[in-house]
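One letter stands for each residue in the lines below.
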Amino acid sequence: MNKASFFSHTAGRIINAPRETRARFAIGDVVRHRNHDFRGVIFDIDPVFANSEEWYESIPLNVRPRRDQPYYHLLAENEESSYVAYVSQQNLMGDSEGGPVDHPSLSQIFDDFEDGRYHLRRGLTH
């Protein structure tokens, strides 16, 4: 009973995860990647790795993150573009002092940037 399961459309399979995990960040938090020059806003959290095997295998073995940690979906930006990123908890750090993120999809999910984080639009909360 210490496990839970959910279907991941991205992975195309059922993912087994612990019933409890400790996510360091929350939806609406602004974060920065530890090793790559991009930042973003968290819009979803997987309790463990829930992407495709091809995606996971494409990461070089010497820097490949563990599967058994939270993974975050980000509306991300760098100097050149905006995109969606999928990042392990070990590779993220807070960046609330960096100011708002400039991503074209932000207004579809979030309201204002306030006190260093974004707040979900009213119709999207549980």
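These notes cover the structure that comes with them. (Residues numbered from 1 in each chain as written. Predicted model: local features only at pLDDT ≥ 70, side-chain atom pairs only at ≥ 80, totals over all residues. Heavy atoms only, no water.)

Taken in spatial order, the five strands of this open sheet run β6-β5-β4-β3-β7, and their pairing is antiparallel. Of all the strands in the sheet, just β6 (82–88) and β7 (92–94) have a single pairing partner and so form its edges. Adjacent strand axes in the sheet meet at a mean angle of 45°, parallel and antiparallel pairs treated alike. As paired strands, strand β4 (residues 39–46) and strand β5 (residues 71–77) are joined by seven bridges and run antiparallel to one another. When the sheet's bridge partners are listed, D46 is paired in β5 with Y71. (Pairing = 2+ DSSP bridges. Helix = DSSP H or I, 4+ residues; strand = E, 2+ residues; numbered from the N terminus. Axes fitted to C-alpha atoms, helices over the stretch in contact; angles between N-to-C directions.)

A few words on the side chain of D95. One can find D95 in the loop between β7 and α2 (106–109). What makes D95 buried here is its relative accessible area of 13%. At 2.6 Å, the side chain of D95 forms a polar contact with the side chain of R39. (Buried < 20%, exposed > 50% of the residue type's maximum accessible area, 1.4 Å probe, protein only. Polar contact = N/O pair within 3.5 Å; in protein donor to acceptor, adjacent residues only side chain to side chain.)

As a further point, take the pairing of β5. For β5, a buried count of seven out of seven residues is recorded, marking the element as mostly surrounded by other parts of the structure. Alternating positions in β5 separate into two faces, Y71, H73, L75 and E77 on one and Y72, L74 and A76 on the other, with burial throughout. In the sheet, β5 pairs with β6 via seven bridges, with the strands oriented antiparallel. The residue of β6 that forms the bridge with L75 is V84.

Geometry only, nothing functional implied.
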